[in-house]
Amino acid sequence: AAALMPLRPAHAAFPERAITLSVSFPPGGATDILARILAPPLSEALGRPVVIENRGGAGANIGIGYVARAAADGYTLLVTSSAFVVNPSLYSNPPYDPFRDFAPISTLGASPNVLAVRPNRGIASLQDLIAQAKASPDKFNYASPGIGTTPHLAGELLKLRAGFEMQHVPFSGAGPATQAALAGTTQVISAAQGSVMAQLRAGELRAIVQTGATRAADLPDVPTQEELGIKDANSETFLALFAPAATPAPIVEFLAREVVKVLQRPDVQERYRQAGAPVVGGGPEELRARVAREVPIWREVIQVSKISVQ
């Protein structure tokens, strides 16, 4: 009878020990925060510890490359940002291939980027912004959290699709970029929604356009680029979960089911919303389609705008 019993797959008891979420950025940023919101309820669902490990550096390349080479057993997973789809075109020798080296599990959260100005700047709409930029293309500028960040590329994509120029002024993060916009050092800031929501709520900045496909719940009065006639320019700053490519499909599917169930919890959704990245949780196919869509978009923007990082 024992001989007739089906063999039990080696991964049937997964997980048998702690799972590590390797975050490709230092502690304290949006990617790290969302990973730490996810870890406790996911640990509860899996019945095993879920440990956060930060491996920042080189614009997320160090952490992404580390997981690309990790054992494909489901115990080391990558939590990263939109850098995943940008870096293969931004860097000359990225340590991973976004299609070959990873198995998508799920997008965690995403938020649109916004272009915002000081209320007294005399810019009440995207049309006003474009008119002022065309009038003074060498003097009109916008701040971003840094070269190659999604807000930077969103600004360049808007310029490309709408046919106007404004000078990019990179900063070392969203905080300094926001301060520059508030001080009037730059006329505009391009930033992820969550990083400037406090200033928008306080009336210190005014959002004139958002880059998502639909209006964000927290910005119901701010139009999308699509609504204003700017086609093929949608972008979001997203956070996502991946496994090494050779991870057995049943393990990937199991993790995806559990992660999506955790992301459906109202308490988790509220914490993600407060962190500025509302839950997506679409599972492997949604994330695979997102990567397939965004890698060529950002390749075009980076090549046309001649953006590079050493």
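Computed from a predicted structure; not experimentally measured.

> Can you help me understand the overall build of the chain in this one?
A count of helical and extended segments in the chain gives 10 helices and 9 strands. In terms of C-alpha radius of gyration, the chain reaches 21 Å, essentially the compact-globule figure of 19 Å for 310 residues. Taken along the three principal axes of its C-alpha coordinates, the chain extends 85 × 40 × 30 Å. For the chain, with 310 residues in total, the buried portion stands at 50%. Total accessible area on the chain stands at roughly 13400 Å², and carbon and sulfur atoms take up 53% of it.

> Even after reading the chapter, I still don't get the packing of helix α3 (residues 83-90) against helix α10 (residues 283-305), so can you show me in this structure?
For any two helices packed against each other, one specifies the inter-axial angle together with the distance between the axes. For the pair α3 and α10, interaxial distance at closest approach is 8 Å and the crossing angle is 40°. Taken together, the axes of α3 and α10 are oblique relative to one another. Both α3 and α10 take part in a crossing whose hand is right-handed. Contacts from Phe-84, Val-85, Val-86, Ser-89 and Leu-90 in α3 reach Val-291, Glu-294, Val-295, Trp-298, Arg-299 and Ile-302 in α10. Taken together, the residues of the contact of α3 with α10 break down into 8 nonpolar, 1 polar and 2 charged.

> What is the right way to read the environment of Gly-155 from this model?
Along the chain, Gly-155 falls in helix α5 (residues 150-162). Between the alpha carbons of Gly-155 and Glu-53 there is a distance of 32 Å; along the sequence they are 102 residues apart. Not counting residues within four places of it along the chain, the set of residues in contact with Gly-155 comprises Tyr-142, Met-166 and Ser-190.

> Just checking my understanding: could you explain unusual backbone geometry for this structure?
In terms of backbone geometry, most residues other than glycine have negative phi values and most peptide bonds are trans. Here Phe-14 and Pro-15 are connected by a cis peptide whose omega angle stands at 0°. Structurally, the position occupied by Pro-15 is in the segment before β1 (19-23). With a phi close to 90°, Ala-60 is a non-glycine residue in the positive phi region. Mapped onto the fold, Ala-60 is located in the loop between β2 (50-54) and α2 (61-68).

> Explain the packing of aromatic side chains to me, please; I cannot follow it from the model alone.
Two measures describe an aromatic ring pair: the distance that separates the ring centres and the angle between the ring planes. Taken as a whole and assessed by the stated rule, the structure comprises 7 aromatic pairs. An angle of 70° between the planes, with centres 5.9 Å apart, marks the rings of Phe-102 and Phe-242 as edge-to-face. Linking Phe-102 in strand β4 (residues 102-117) with Phe-242 in strand β9 (residues 236-244), this pair joins segments that are 140 residues apart in sequence. With a relative accessible area of 6%, Phe-102 lands in the buried category. Look at Phe-242 and you get buried, because its relative accessible area is 1%. Feature note: the residues Phe-84, Tyr-96, Phe-102 and Phe-242 constitute an aromatic cluster, connected by ring pairs. The ring of Tyr-66 carries the charged tip of Arg-55 above its face, separated from the ring centre by 3.6 Å.

Rules of the game
Residues numbered from 1 in each chain as written. Predicted model: local features only at pLDDT ≥ 70, side-chain atom pairs only at ≥ 80, totals over all residues. Heavy atoms only, no water. Helix = DSSP H or I, 4+ residues; strand = E, 2+ residues; numbered from the N terminus. Rg over C-alpha atoms; globule rule 2.2 N^0.38 Å. Buried < 20%, exposed > 50% of the residue type's maximum accessible area, 1.4 Å probe, protein only. Areas by Shrake-Rupley, 256 points an atom, 1.4 Å probe, with all protein chains shown as cover. Axes fitted to C-alpha atoms, helices over the stretch in contact; angles between N-to-C directions. Parallel < 35°, antiparallel > 145°, perpendicular 65-115°, else oblique. Left-handed = near helix turned anticlockwise from the far one by under 90°. Contact = heavy atoms within 4.5 Å. Nonpolar A, V, L, I, M, F, W, Y, C, P; charged D, E, K, R; others polar. Phe/Tyr/Trp six-rings, centres within 6.5 Å; stacked < 30°, edge-to-face > 60°. Lys NZ or Arg CZ within 6 Å of the ring centre and 35° of its normal.

Note that every value here comes from positions in space, so none of it alone points to a role or purpose.
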